[in-house]
Amino acid sequence: MLQIKDVYASVEDKDILKGISLSVNAGEVHAIMGPNGAGKSTLASIIAGKEEFELTKGEITIDGEDITELDAEERAHKGVFLSFQYPVEIPGVSVTNFIKTAINENRKAKGLEDMPASEMLKKIKEKADLLEIDRKFLSRSLNVGFSGGEKKRNEIFQMAMLEPKLAILDETDSGLDIDALKVVANGVNKLKNKDNAVIVITHYQRLLDYIVPDFVHVIMDGKIVKSGTKQLAYELEEKGYDWIKEELV
Amino acid sequence: MNLKEKLQSSYLAFEDHLQADSPLHDVRTKAMKSFEDKGFPSKKEEAWKYTSLNALLSKDYSIFPKNETAIEFNDVKKYFLNDIDTYKVVFIDGVYSSFLSQITHDVIDVCLMSSALNKSKYSSIIETYFNKAANTDSLSCLNTAFAKEGAYIRIPKNKEAKKPIEIINFATGTEAATMLQPRNLIIVEQNAHVQIIERHQSLNNNPVLTNSVTEIFLEKRANVDYYKIQNDTQNASLIDSTFIQQQRESICSVHTFSFGGKLTRNNLSFKQLGERCDSILNGVTMIEDKQHVDHNTLVHHIAENCESHQDYKGIFDDSATGVFNGKVYVEKQAQKLDAFQKNNNILISNKATINAKPQLEIFADDVKCSHGCTIGQLDPDAMFYLRSRGIADKEARALLIYAFANTVLESVKIPELKERINKLIANKMGVNLGFDL
């Protein structure tokens, strides 16, 4: 589904990704781990189409189609979803209105009419229940005054509503207590099926106890330096990243 | 002959028609004299530093329309609030249109300034109120000298206008250039309540210069909601001066929606004469091209325990320019005051300009006054967030701008009007989004 081939990327002339290749198939969960500043979030941003990041070399395709020239919204229409590490606060736009607008904009891009109001309400209710989101929460301004956990839960709620083909969860576990983590992970697992794929970016193995990856990749200094199974995450948890560095030398 | 000279000679002709023994004769003569002495304001004056009238004054305006022009209701229907029933006071090129209006004398007076000025039964009211709140600045004086027509509204004690009142001034543009000077007088007595919507609308692209003056008097515990919709054509300019006097415990809110016009200057002045008054000044300015909107507000706090709240949002695209000059003046005896002023601006393009000048002048020592002013751009992180959810660039922009203006929009108390304004914003942004926030 997702093919990343030898991608180099920079921001403000600083090289961050230095030749990343990654292949993700439908039905798979990939975890990307690595120390701070290794390029994990840059990889997420460059897949989602953030303009500040410049792809200097390489190719990113979804189902064989090159997406590197597409705008962020066009990538969303192709089924790419990024759960933000730091979701943006937008006063004056309610969660409900935001998600309605997003759904209908995605439908518009596919040549579909707006989703009927009753269907929308039903879906919102269903997905809010899945993530144990209080109804009152939905009428609040987007992310304004939300706790860290509420913000992340809201991200996964949006994912549930938009049903992306490829979901990238950028540090979704940061700021979550164990109960919220379970709710969020449970939500992701229920949304997971043979046709979609998930990339989980995380520092810690903890989340991977709940969202079990098929593959684990380690990024260091802008490159994937090691790939393995879930076992690799345990090793990293136990031994840190230094042993990989040593291996590389 | 320049415009000032033309106005002087027009005034002589105009005055000839008026009764010399009218009590207004002296008021007009004095006002005209004052205008002649001061002339049109220039950029040398502090209050006009960022707004130049020069380009407007060079046009050869027709001061009084030569012919009465009829317009079809269907052609102008869209300018009315059609979803609800309203009183309507409608003028075409400054002349009352009974055909388009719906006035009343049943309990409340929703009628014409010309009646109030000329009929003897109103003479004591005119004597008490006319020109008693207006400033003596040159443009207000000019309007006073030429005051002839406009809306006259009086809501008696303990009464309520059951429907909103629309005051609409159409300019047909049948003359090459037209100058209009509507004059409104609104008296809301003790415990009375009214909602008013005011609009100036040109029907073609010929230049129009409107110099409008409105005086509003609120007696004890009166309540006024006033909405100004400024969404005019590219060659229409408006100098709108509104003077409000509040007696104790009255509440007056004025919303100004400035969405279009060549040049718009809003002079909005509140005077709080009694205790526990509340004055609310809200505005959304959203302009593009080379349009210019200047908000010049003054809240004059004279009595104790009063409040004032100002919230002005500005969104400027292309080479549009904006001015916010907001002054809160607190007299020594106006203790226990709560005055708040906020002015936030977004510059969409690099060529857009906003000149913001908040001013507090405080002579009392036990007051709470604050003001805040921001100028910025649309947050790129917020844009990326919306776009990453599949919301296209234009729609994402519209959503953020709508959200930015929302604190003002949500305070509109007439739902149909709010919906209308939402649609105006969506149209301006070229999007088809329902902002049911």
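The rules behind these values
- Residue numbering note: each chain is counted from 1, following its sequence as written.
- Chain letters and ligand numbers both follow the written order, the letters beginning at A and the numbers at 1.
- For this predicted model, a pLDDT threshold of at least 70 governs which residues receive local features, and a threshold of 80 or more governs which side-chain atom pairs are given and counted, while totals over whole chains, interfaces and linings are taken from all residues.
- Secondary structure is summarised from DSSP: a helix means a run of H or I of at least four residues, a strand means a run of E of at least two, and numbering begins at the N terminus for each.
- With C-alpha atoms as the basis for the radius of gyration, the globule rule is written as 2.2 Å multiplied by the number of residues raised to the power 0.38.
- Whether a residue is buried, exposed or partly exposed follows from its count of other C-beta atoms within 10 Å of its own C-beta, namely 20 or more, 12 or fewer, or something in between, respectively; the C-beta atoms are built from the backbone.
- Once C-beta atoms are placed from the backbone, any two residues with those atoms within 7 Å are in contact.
- In this analysis, strands are considered paired if DSSP registers two or more bridges between them.
- Axis geometry follows a simple rule: fit a line to the C-alpha atoms, using only the stretch in contact for helices, then measure angles between N-to-C directions, giving values from 0 to 180 degrees.
- Here is the rule for angles: anything less than 35 degrees is roughly parallel, anything more than 145 is roughly antiparallel, 65 through 115 is roughly perpendicular, and the remaining ranges are oblique.
- It is the rotation of the near helix from the far one that decides the hand of a crossing: anticlockwise by less than a right angle makes it left-handed, clockwise makes it right-handed.

Peer 1: I tried to follow the overall build of chain B on my own but got confused; where do I start?
Peer 2: Assigned secondary structure in chain B consists of ten helices and 20 strands. Over its C-alpha trace chain B gives a radius of gyration of 21 Å, about what one expects of a compact globule, namely 22 Å for 437 residues. Seen through its principal axes, chain B has C-alpha atoms that stretch 70 × 55 × 45 Å. When each of the 437 residues of chain B is scored for burial, the buried share is 51%. Contacts in chain B between residues at least 24 apart in sequence constitute 82% of all its contacts with a sequence separation of at least 6.

Peer 1: Got a minute to help me understand the sheet that holds strand β11 (residues 215–220) of chain A in this structure?
Peer 2: Each strand in a sheet pairs with its neighbour through backbone hydrogen bonds, running either in the same direction (parallel) or in the opposite one (antiparallel). All names here are of chain A. If you trace the six strands from one edge of the open sheet to the other, you get β6-β9-β10-β3-β11-β12, paired in mixed fashion. Every interior strand has two partners, whereas the edge strands, β6 (80–83) and β12 (223–228), have only one. Put simply, the sheet's adjacent strands are angled 20° from each other on average, direction ignored. Sheet topology note: the β6/strand β9 (residues 166–170) ladder contains four bridges and is parallel.

Peer 1: How should the packing of helix α4 (residues 117–130) of chain A against helix α5 (residues 148–162) of chain A be read in this particular structure?
Peer 2: The axes of two packed helices give the description: the angle between them and the distance between them. Residues and elements named next belong to chain A. One can describe the packing of α4 onto α5 by two numbers: an axis separation of 9 Å at closest approach and a directional angle of 135°. Our classification of the angle between α4 and α5 gives oblique. Crossing of α4 against α5: the hand is right-handed. Together, K123, K127, A128 and L130 of α4 and F157, A160 and M161 of α5 make up the contact between the two elements.

Peer 1: Just to check I follow, could you spell out the sheet that holds strand β1 (residues 2–11) of chain A for this structure?
Peer 2: Residues and elements named next belong to chain A. Sheet architecture is open: four strands sit in the order β2-β1-β4-β5, paired in antiparallel fashion. The open sheet terminates on both sides in strands that have one partner only, identified here as β2 (14–24) and β5 (65–66). Judged from the eight bridges that link them, β1 and strand β4 (residues 53–62) form a sheet pairing that is antiparallel. When the sheet's bridge partners are listed, S10 is paired in β4 with E54.

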